[in-house]
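Fold and geometry: a report
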Amino acid sequence: MTTVLSLSQARRIALEAQGLARVRPTGPATARQVGLTFARLQLLQIDSVNVLIRSHYLPLFARLGQYNRDHLDRLANTHPRRAVEYWAHEASFIRPALFPYLRPLQERRWVGAHSVPEELRESLRSRIREVLAVSRPLTAPQLQRRLGHRETRGQDQWGWNWNSVKRVLEDMFERGQVSSAGRNASFERRYALTDQVLPDPCAASTVIHPTEAYLHLTELSARALGIGTLKCFADYFRLPLKPTSSAIDSLTASGVLRPVTITGWNRPAFRHVNAVLPRKAEGRALLSPFDSMVFERRRLSELFGFHYRIEIYTPAAARRYGYYVLPFLLRDAMVARVDLKADRAAGKLLVRGSHSEPGAPADTVVELAAELRLMATWLGLDDVVVEPNGDLAQALKLAVSHE
(Lines give C-alpha, C1' and ligand atoms only; values in the text may rest on other atoms or scores of the structure.)
Protein backbone atom coordinates (compact mmCIF):
# COMPACT_ATOMS: atom_id res chain seq x y z
CA MET A 1 0.00 0.00 0.00
CA THR A 2 1.36 3.41 -1.00
CA THR A 3 1.08 6.25 1.52
CA VAL A 4 0.20 9.71 0.28
CA LEU A 5 2.22 12.57 1.79
CA SER A 6 1.78 16.30 1.39
CA LEU A 7 4.74 18.37 0.24
CA SER A 8 4.98 19.86 3.73
CA GLN A 9 5.20 16.40 5.29
CA ALA A 10 7.88 15.33 2.82
CA ARG A 11 9.89 18.45 3.64
CA ARG A 12 9.76 17.80 7.36
CA ILE A 13 10.79 14.16 6.92
CA ALA A 14 13.76 15.26 4.78
CA LEU A 15 14.85 17.95 7.22
CA GLU A 16 14.56 15.66 10.23
CA ALA A 17 16.61 12.93 8.55
CA GLN A 18 19.35 15.45 7.79
CA GLY A 19 19.35 16.87 11.32
CA LEU A 20 17.98 20.25 10.24
CA ALA A 21 14.44 20.22 11.62
CA ARG A 22 15.15 21.11 15.23
CA VAL A 23 16.52 24.07 17.13
CA ARG A 24 20.27 23.66 17.58
CA PRO A 25 22.09 23.42 20.91
CA THR A 26 22.45 26.78 22.63
CA GLY A 27 25.98 26.16 23.87
CA PRO A 28 29.08 24.91 22.05
CA ALA A 29 28.57 21.40 20.69
CA THR A 30 30.53 18.58 22.27
CA ALA A 31 32.89 16.18 20.51
CA ARG A 32 30.25 13.48 20.93
CA GLN A 33 27.63 15.61 19.16
CA VAL A 34 30.06 16.23 16.31
CA GLY A 35 30.70 12.50 15.96
CA LEU A 36 27.02 11.60 16.08
CA THR A 37 26.10 14.22 13.48
CA PHE A 38 28.84 13.03 11.15
CA ALA A 39 27.62 9.45 11.56
CA ARG A 40 24.07 10.56 10.82
CA LEU A 41 25.09 12.18 7.53
CA GLN A 42 27.46 9.32 6.58
CA LEU A 43 29.74 11.72 4.67
CA LEU A 44 30.99 15.29 4.44
CA GLN A 45 31.98 16.50 0.99
CA ILE A 46 35.44 18.05 0.70
CA ASP A 47 36.23 20.98 -1.56
CA SER A 48 39.36 23.08 -1.94
CA VAL A 49 37.57 26.46 -2.14
CA ASN A 50 38.34 28.44 1.01
CA VAL A 51 36.67 31.79 0.38
CA LEU A 52 34.57 31.34 3.54
CA ILE A 53 35.92 28.20 5.23
CA ARG A 54 36.63 24.69 3.97
CA SER A 55 33.28 23.23 2.99
CA HIS A 56 33.41 20.10 5.19
CA TYR A 57 33.21 22.24 8.34
CA LEU A 58 29.98 24.00 7.33
CA PRO A 59 27.43 21.15 7.50
CA LEU A 60 28.23 20.59 11.16
CA PHE A 61 27.85 24.30 11.90
CA ALA A 62 24.47 24.25 10.13
CA ARG A 63 23.28 21.46 12.42
CA LEU A 64 25.11 22.19 15.67
CA GLY A 65 25.84 25.91 15.68
CA GLN A 66 29.12 26.84 17.29
CA TYR A 67 31.46 23.89 17.66
CA ASN A 68 35.19 23.45 17.93
CA ARG A 69 36.51 22.50 14.49
CA ASP A 70 39.29 20.58 16.22
CA HIS A 71 36.63 17.98 17.10
CA LEU A 72 36.21 17.17 13.40
CA ASP A 73 39.95 17.38 12.71
CA ARG A 74 40.58 14.81 15.43
CA LEU A 75 38.05 12.42 13.86
CA ALA A 76 40.08 12.50 10.65
CA ASN A 77 43.63 12.88 11.93
CA THR A 78 43.86 10.97 15.22
CA HIS A 79 44.15 7.21 15.46
CA PRO A 80 41.83 5.33 15.59
CA ARG A 81 40.23 7.52 12.94
CA ARG A 82 36.46 7.86 12.81
CA ALA A 83 36.58 9.75 9.50
CA VAL A 84 38.69 8.91 6.45
CA GLU A 85 38.88 10.38 2.96
CA TYR A 86 37.54 8.54 -0.06
CA TRP A 87 35.51 9.10 -3.19
CA ALA A 88 31.83 9.00 -2.24
CA HIS A 89 29.79 12.03 -3.25
CA GLU A 90 32.88 13.47 -4.90
CA ALA A 91 35.87 13.58 -2.51
CA SER A 92 34.47 13.16 0.98
CA PHE A 93 35.12 12.28 4.57
CA ILE A 94 33.35 8.99 5.23
CA ARG A 95 32.97 6.68 8.18
CA PRO A 96 35.74 4.05 7.97
CA ALA A 97 33.15 1.27 7.96
CA LEU A 98 32.02 2.45 4.52
CA PHE A 99 35.42 2.05 2.88
CA PRO A 100 35.05 -1.66 1.94
CA TYR A 101 31.63 -0.91 0.42
CA LEU A 102 32.84 1.98 -1.72
CA ARG A 103 36.06 0.36 -2.87
CA PRO A 104 34.47 -2.28 -5.19
CA LEU A 105 32.86 0.43 -7.31
CA GLN A 106 36.05 1.03 -9.28
CA GLU A 107 34.27 1.65 -12.57
CA ARG A 108 33.45 5.09 -11.15
CA ARG A 109 37.10 6.17 -10.98
CA TRP A 110 37.47 9.92 -11.50
CA VAL A 111 41.13 10.29 -12.45
CA GLY A 112 43.06 7.12 -13.15
CA ALA A 113 46.62 7.05 -14.44
CA HIS A 114 46.03 5.87 -18.00
CA SER A 115 47.92 8.85 -19.41
CA VAL A 116 51.09 7.61 -17.69
CA PRO A 117 53.01 5.01 -19.76
CA GLU A 118 52.41 1.54 -18.34
CA GLU A 119 56.04 0.75 -17.51
CA LEU A 120 56.47 4.06 -15.65
CA ARG A 121 53.07 3.70 -13.98
CA GLU A 122 53.84 0.26 -12.54
CA SER A 123 57.35 1.30 -11.50
CA LEU A 124 56.02 4.34 -9.65
CA ARG A 125 53.25 2.31 -8.03
CA SER A 126 55.76 -0.20 -6.68
CA ARG A 127 58.24 2.43 -5.49
CA ILE A 128 55.49 4.50 -3.81
CA ARG A 129 54.43 1.43 -1.83
CA GLU A 130 58.01 0.77 -0.78
CA VAL A 131 58.56 4.35 0.41
CA LEU A 132 55.26 4.65 2.28
CA ALA A 133 55.78 1.30 3.98
CA VAL A 134 58.74 2.72 5.91
CA SER A 135 58.04 6.45 6.13
CA ARG A 136 55.71 8.89 7.77
CA PRO A 137 52.79 10.15 5.61
CA LEU A 138 54.02 12.24 2.69
CA THR A 139 52.49 14.77 0.31
CA ALA A 140 52.81 14.29 -3.45
CA PRO A 141 55.72 16.78 -3.75
CA GLN A 142 57.50 15.10 -0.83
CA LEU A 143 57.07 11.70 -2.46
CA GLN A 144 58.32 13.03 -5.77
CA ARG A 145 61.48 14.30 -4.11
CA ARG A 146 61.92 11.07 -2.16
CA LEU A 147 61.62 9.09 -5.40
CA GLY A 148 63.95 11.46 -7.26
CA HIS A 149 61.39 11.70 -10.07
CA ARG A 150 61.71 14.54 -12.57
CA GLU A 151 59.69 15.25 -15.66
CA THR A 152 58.72 18.09 -17.96
CA ARG A 153 54.99 18.69 -18.11
CA GLY A 154 53.19 20.25 -21.02
CA GLN A 155 50.84 23.17 -20.65
CA ASP A 156 48.03 21.81 -22.84
CA GLN A 157 46.60 19.22 -20.44
CA TRP A 158 42.98 19.50 -19.39
CA GLY A 159 42.26 20.22 -15.73
CA TRP A 160 45.02 19.91 -13.17
CA ASN A 161 48.46 19.80 -14.73
CA TRP A 162 49.53 16.88 -12.54
CA ASN A 163 52.82 15.08 -13.00
CA SER A 164 53.09 11.29 -13.17
CA VAL A 165 53.70 10.80 -9.44
CA LYS A 166 50.54 12.72 -8.55
CA ARG A 167 48.50 10.86 -11.17
CA VAL A 168 49.67 7.46 -9.96
CA LEU A 169 49.05 8.50 -6.36
CA GLU A 170 45.49 9.55 -7.17
CA ASP A 171 44.92 6.32 -9.07
CA MET A 172 46.15 4.36 -6.05
CA PHE A 173 43.93 6.48 -3.81
CA GLU A 174 40.88 5.70 -5.93
CA ARG A 175 41.72 1.99 -5.89
CA GLY A 176 42.02 2.13 -2.11
CA GLN A 177 45.72 1.22 -2.10
CA VAL A 178 46.78 4.45 -0.42
CA SER A 179 44.76 6.82 1.71
CA SER A 180 45.02 10.24 3.30
CA ALA A 181 46.44 10.48 6.79
CA GLY A 182 45.32 14.11 6.94
CA ARG A 183 46.01 17.38 5.15
CA ASN A 184 48.77 19.92 5.63
CA ALA A 185 48.34 23.69 5.97
CA SER A 186 48.14 23.99 2.16
CA PHE A 187 45.34 21.41 2.10
CA GLU A 188 47.53 18.82 0.38
CA ARG A 189 46.87 15.19 1.19
CA ARG A 190 49.48 13.41 3.28
CA TYR A 191 49.49 9.94 1.73
CA ALA A 192 49.95 6.68 3.61
CA LEU A 193 49.20 3.03 2.91
CA THR A 194 45.52 2.39 3.54
CA ASP A 195 46.05 -0.29 6.18
CA GLN A 196 48.04 2.31 8.15
CA VAL A 197 45.15 4.78 8.05
CA LEU A 198 42.02 2.71 8.65
CA PRO A 199 41.32 1.92 12.31
CA ASP A 200 40.85 -1.74 11.29
CA PRO A 201 43.77 -2.61 8.98
CA CYS A 202 41.90 -5.67 7.70
CA ALA A 203 39.26 -3.39 6.16
CA ALA A 204 41.85 -2.31 3.58
CA SER A 205 41.72 -5.77 2.01
CA THR A 206 38.12 -6.76 2.81
CA VAL A 207 36.33 -7.89 -0.35
CA ILE A 208 32.63 -7.08 -0.65
CA HIS A 209 30.57 -8.07 -3.66
CA PRO A 210 29.27 -5.07 -5.64
CA THR A 211 25.64 -6.20 -5.24
CA GLU A 212 26.02 -6.16 -1.46
CA ALA A 213 27.80 -2.82 -1.65
CA TYR A 214 24.99 -1.21 -3.68
CA LEU A 215 22.38 -2.60 -1.31
CA HIS A 216 24.15 -1.29 1.79
CA LEU A 217 24.97 2.13 0.33
CA THR A 218 21.44 2.62 -1.01
CA GLU A 219 19.99 1.84 2.42
CA LEU A 220 22.36 4.33 4.04
CA SER A 221 21.45 6.97 1.44
CA ALA A 222 17.76 6.46 2.13
CA ARG A 223 18.37 6.61 5.88
CA ALA A 224 20.34 9.85 5.58
CA LEU A 225 17.78 11.47 3.27
CA GLY A 226 14.66 10.07 4.91
CA ILE A 227 12.65 10.31 1.73
CA GLY A 228 13.46 10.48 -1.96
CA THR A 229 13.52 8.91 -5.38
CA LEU A 230 15.85 6.58 -7.23
CA LYS A 231 17.89 9.56 -8.43
CA CYS A 232 18.09 11.02 -4.91
CA PHE A 233 19.36 7.80 -3.35
CA ALA A 234 21.81 7.08 -6.18
CA ASP A 235 23.24 10.59 -6.07
CA TYR A 236 24.17 10.52 -2.38
CA PHE A 237 27.12 8.16 -2.98
CA ARG A 238 27.24 8.74 -6.76
CA LEU A 239 25.91 5.25 -7.52
CA PRO A 240 24.80 4.13 -11.00
CA LEU A 241 21.02 4.13 -11.44
CA LYS A 242 20.52 0.51 -12.56
CA PRO A 243 22.07 -1.27 -9.53
CA THR A 244 20.53 1.35 -7.23
CA SER A 245 17.11 0.56 -8.69
CA SER A 246 17.66 -3.14 -8.00
CA ALA A 247 18.72 -2.29 -4.45
CA ILE A 248 15.56 -0.22 -3.96
CA ASP A 249 13.46 -3.18 -5.13
CA SER A 250 15.18 -5.43 -2.57
CA LEU A 251 14.85 -2.88 0.23
CA THR A 252 11.17 -2.34 -0.59
CA ALA A 253 10.50 -6.08 -0.60
CA SER A 254 12.14 -6.40 2.83
CA GLY A 255 10.18 -3.44 4.25
CA VAL A 256 13.18 -1.17 4.75
CA LEU A 257 11.77 1.24 2.17
CA ARG A 258 8.10 2.07 1.77
CA PRO A 259 6.60 3.47 -1.45
CA VAL A 260 5.01 6.89 -1.00
CA THR A 261 3.22 9.37 -3.22
CA ILE A 262 4.22 12.99 -2.65
CA THR A 263 1.78 15.66 -3.73
CA GLY A 264 3.14 17.45 -6.78
CA TRP A 265 5.80 14.84 -7.60
CA ASN A 266 5.46 12.85 -10.78
CA ARG A 267 8.01 10.12 -10.03
CA PRO A 268 8.02 7.17 -7.60
CA ALA A 269 9.28 8.03 -4.13
CA PHE A 270 10.26 6.00 -1.08
CA ARG A 271 10.45 6.61 2.64
CA HIS A 272 12.92 4.87 4.93
CA VAL A 273 11.19 2.79 7.57
CA ASN A 274 13.00 4.69 10.34
CA ALA A 275 12.31 8.15 8.92
CA VAL A 276 10.52 10.40 11.42
CA LEU A 277 7.83 12.93 10.53
CA PRO A 278 8.14 15.76 13.08
CA ARG A 279 5.09 17.87 13.91
CA LYS A 280 6.92 20.96 12.72
CA ALA A 281 10.34 22.10 11.57
CA GLU A 282 12.03 24.76 13.69
CA GLY A 283 15.59 24.83 12.37
CA ARG A 284 17.62 27.70 10.99
CA ALA A 285 20.79 27.25 8.97
CA LEU A 286 23.09 28.58 6.30
CA LEU A 287 23.86 25.62 4.04
CA SER A 288 27.16 25.07 2.28
CA PRO A 289 26.98 24.73 -1.51
CA PHE A 290 28.27 21.21 -0.82
CA ASP A 291 25.85 20.31 2.00
CA SER A 292 24.18 16.93 1.63
CA MET A 293 20.78 18.63 2.01
CA VAL A 294 21.32 20.31 -1.36
CA PHE A 295 23.20 17.55 -3.21
CA GLU A 296 20.44 16.60 -5.64
CA ARG A 297 19.14 19.75 -7.29
CA ARG A 298 15.87 18.33 -8.62
CA ARG A 299 14.97 17.06 -5.14
CA LEU A 300 15.77 20.51 -3.73
CA SER A 301 13.57 22.14 -6.33
CA GLU A 302 10.67 19.72 -5.87
CA LEU A 303 10.78 19.85 -2.07
CA PHE A 304 11.32 23.57 -1.56
CA GLY A 305 10.69 25.27 -4.90
CA PHE A 306 14.31 26.40 -4.65
CA HIS A 307 16.36 26.51 -7.85
CA TYR A 308 20.06 26.45 -7.04
CA ARG A 309 23.33 26.19 -8.86
CA ILE A 310 26.92 26.77 -7.85
CA GLU A 311 28.34 29.70 -9.81
CA ILE A 312 31.98 29.32 -8.79
CA TYR A 313 32.94 28.31 -12.33
CA THR A 314 30.64 30.86 -13.99
CA PRO A 315 32.38 34.03 -15.30
CA ALA A 316 31.87 36.85 -12.80
CA ALA A 317 29.85 38.97 -15.21
CA ALA A 318 27.42 36.10 -15.82
CA ARG A 319 26.77 35.21 -12.17
CA ARG A 320 23.25 35.84 -10.96
CA TYR A 321 23.75 35.60 -7.20
CA GLY A 322 27.51 35.47 -6.60
CA TYR A 323 30.59 33.29 -6.20
CA TYR A 324 30.00 31.34 -2.96
CA VAL A 325 26.28 31.40 -2.33
CA LEU A 326 24.69 29.68 0.67
CA PRO A 327 20.96 28.90 0.83
CA PHE A 328 19.30 30.11 4.04
CA LEU A 329 16.92 27.59 5.59
CA LEU A 330 14.32 28.94 8.00
CA ARG A 331 12.00 26.40 9.56
CA ASP A 332 10.68 24.37 6.59
CA ALA A 333 11.57 26.70 3.72
CA MET A 334 14.57 27.99 1.79
CA VAL A 335 13.86 31.69 2.24
CA ALA A 336 16.99 33.48 1.00
CA ARG A 337 20.51 33.09 -0.35
CA VAL A 338 23.68 34.99 0.52
CA ASP A 339 27.07 35.27 -1.15
CA LEU A 340 29.65 35.13 1.66
CA LYS A 341 33.37 35.75 1.98
CA ALA A 342 35.58 35.74 5.06
CA ASP A 343 37.99 38.68 5.03
CA ARG A 344 40.32 37.17 7.61
CA ALA A 345 42.88 39.96 7.50
CA ALA A 346 40.25 42.58 8.35
CA GLY A 347 38.29 40.29 10.68
CA LYS A 348 35.05 40.72 8.72
CA LEU A 349 32.37 38.43 7.32
CA LEU A 350 31.43 40.00 3.99
CA VAL A 351 27.89 39.57 2.67
CA ARG A 352 28.54 40.32 -0.98
CA GLY A 353 24.96 39.66 -2.03
CA SER A 354 21.70 38.94 -0.21
CA HIS A 355 18.55 37.87 -2.02
CA SER A 356 15.14 36.78 -0.74
CA GLU A 357 12.99 34.00 -2.14
CA PRO A 358 9.34 34.50 -3.15
CA GLY A 359 7.07 34.18 -0.13
CA ALA A 360 9.89 34.64 2.40
CA PRO A 361 8.38 35.20 5.87
CA ALA A 362 8.45 38.57 7.61
CA ASP A 363 11.19 37.52 10.06
CA THR A 364 13.63 36.42 7.35
CA VAL A 365 15.94 39.43 7.73
CA VAL A 366 16.03 39.27 11.54
CA GLU A 367 16.75 35.53 11.56
CA LEU A 368 19.35 35.82 8.79
CA ALA A 369 21.12 38.63 10.63
CA ALA A 370 21.29 36.49 13.77
CA GLU A 371 22.67 33.56 11.79
CA LEU A 372 25.33 35.70 10.15
CA ARG A 373 26.41 37.05 13.52
CA LEU A 374 26.62 33.52 14.89
CA MET A 375 28.70 32.41 11.92
CA ALA A 376 31.05 35.37 12.26
CA THR A 377 31.62 34.53 15.92
CA TRP A 378 32.28 30.89 15.06
CA LEU A 379 34.79 31.92 12.40
CA GLY A 380 36.56 34.28 14.80
CA LEU A 381 35.53 37.40 12.82
CA ASP A 382 34.64 40.64 14.57
CA ASP A 383 32.07 42.14 12.24
CA VAL A 384 29.50 41.44 9.53
CA VAL A 385 29.59 43.83 6.56
CA VAL A 386 26.60 43.80 4.21
CA GLU A 387 27.38 45.09 0.74
CA PRO A 388 24.65 46.85 -1.31
CA ASN A 389 23.78 43.97 -3.61
CA GLY A 390 20.40 42.24 -3.60
CA ASP A 391 16.88 43.04 -2.46
CA LEU A 392 17.66 42.14 1.18
CA ALA A 393 20.82 44.21 1.47
CA GLN A 394 19.42 47.43 2.93
CA ALA A 395 17.22 45.79 5.55
CA LEU A 396 19.87 43.17 6.37
CA LYS A 397 22.53 45.85 6.91
CA LEU A 398 20.27 47.60 9.39
CA ALA A 399 19.36 44.35 11.16
CA VAL A 400 23.00 43.27 11.47
CA SER A 401 23.98 46.63 12.97
CA HIS A 402 21.27 46.21 15.65
CA GLU A 403 22.26 42.65 16.57
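Analysis parameters
- Residues numbered from 1 in each chain as written.
- Predicted model: local features only at pLDDT ≥ 70, side-chain atom pairs only at ≥ 80, totals over all residues.
- Heavy atoms only, no water.
- Helix = DSSP H or I, 4+ residues; strand = E, 2+ residues; numbered from the N terminus.
- Buried < 20%, exposed > 50% of the residue type's maximum accessible area, 1.4 Å probe, protein only.
- Areas by Shrake-Rupley, 256 points an atom, 1.4 Å probe, with all protein chains shown as cover.
- Lys, Arg positive; Asp, Glu negative; His and termini not counted.
- Charge placed at Lys NZ, Arg CZ, Asp CG, Glu CD.
- Phe/Tyr/Trp six-rings, centres within 6.5 Å; stacked < 30°, edge-to-face > 60°.
- Lys NZ or Arg CZ within 6 Å of the ring centre and 35° of its normal.
- Pairing = 2+ DSSP bridges.
- Core = buried A, V, L, I, M, F, W, Y, C linked by side-chain atoms within 4.5 Å.
- Contact = heavy atoms within 4.5 Å.
- Axes fitted to C-alpha atoms, helices over the stretch in contact; angles between N-to-C directions.
- Parallel < 35°, antiparallel > 145°, perpendicular 65-115°, else oblique.
- Nonpolar A, V, L, I, M, F, W, Y, C, P; charged D, E, K, R; others polar.

- An unreviewed UniProt entry lists the chain under the name Winged helix-turn-helix domain-containing protein, from Arthrobacter flavus.

Here's the deal with the overall build of the chain
- Along its length, the chain carries 15 helices and 14 strands.
- Each principal axis of the C-alpha atoms in the chain carries an extent, and together these give about 65 × 60 × 40 Å.
- Taking all 403 residues of the chain together, the buried fraction comes to 54%.
- Per element, the accessible surface of the chain, about 18100 Å² overall, is 51% carbon and sulfur.
- The chain carries 55 positive and 40 negative side-chain charges, and their two centres are separated by 2 Å.

Side note on the packing of aromatic side chains
- Scanning the model with the defined rule gives 7 aromatic pairs in all.
- Relative to F99, the ring of Y86 has its centre 4.9 Å away and its plane inclined at 55 degrees; by these criteria the two rings are tilted. Of the two residues, Y86 is situated in strand β3 (residues 84-88) and F99 in helix α5 (residues 99-102); the sequence distance between them amounts to 13 residues.
- Under the relative-accessibility criterion, Y86 is labelled buried at 3%.
- Connected via pairs of aromatic rings, a cluster forms that spans F61, Y67 and W378.
- When the ring centre of W265 is taken as reference, the NZ or CZ atom of R267 above it lies at 5.7 Å.
- Between the NZ or CZ atom of R337 and the centre of the ring of Y321, over which it lies, the distance is 4.2 Å.

Brief notes about the pairing of strand β6 (residues 189-193)
- Of all 5 residues in β6, 4 are buried, a share of seventy percent or more.
- For strand β5 (residues 178-183) and β6, the ladder comprises 4 bridges, and the chain directions are antiparallel. Residue pairing for β6: S180 is matched across the bridge by Y191.
- Between β5 and β6, which follow one another and run antiparallel, lie 5 residues, and F187 among them has a positive phi close to 70 degrees.

Some points on the nonpolar core
- One finds L52, F237, L340 and M375 to be the most contacted residues of the largest nonpolar core, which totals 106 residues.
- In contact with L52, not counting residues within four places along its chain, are L58, Y324, L326, L340, K341, A342, R344, L349, M375 and L379.

Regarding the environment of L241
- Relative to the elements of secondary structure, L241 occurs in helix α12 (residues 241-253).
- Take L241: its relative accessible area is 43%, and that puts it in the partly exposed class.
- For the pair L241 and R337, spaced 96 residues apart in sequence, the C-alpha separation works out to 31 Å.
- If we ignore the near neighbours within four places in the chain, the residues touching L241 are L230, K231 and A234.

Remarks on the pairing of strand β4 (residues 90-94)
- Among the 5 residues in β4, 4 count as buried, and that is most of the element.
- One ladder, built from 3 bridges, connects strand β2 (residues 43-45) with β4; its direction is antiparallel. Note on β4: the bridge partner recorded for L44 is F93.
- Of the pairings in the sheet, the one linking β3 to β4 comprises 5 bridges and is antiparallel in character. The residue of β4 that forms the bridge with W87 is A91.

Regarding the packing of helix α10 (residues 210-225) against α12
- Running from N to C, α10 and α12 cross one another at 70 degrees; their axes reach a closest spacing of 9 Å. In terms of axis orientation, α10 runs roughly perpendicular to α12. When α10 is examined against α12, the residues Y214, L215, T218 and E219 are found in contact with a partner set consisting of P243, T244, A247, I248, S250 and L251.
- Of the residues assigned to the contact of α10 with α12, the class counts are 6 nonpolar, 3 polar and 1 charged.

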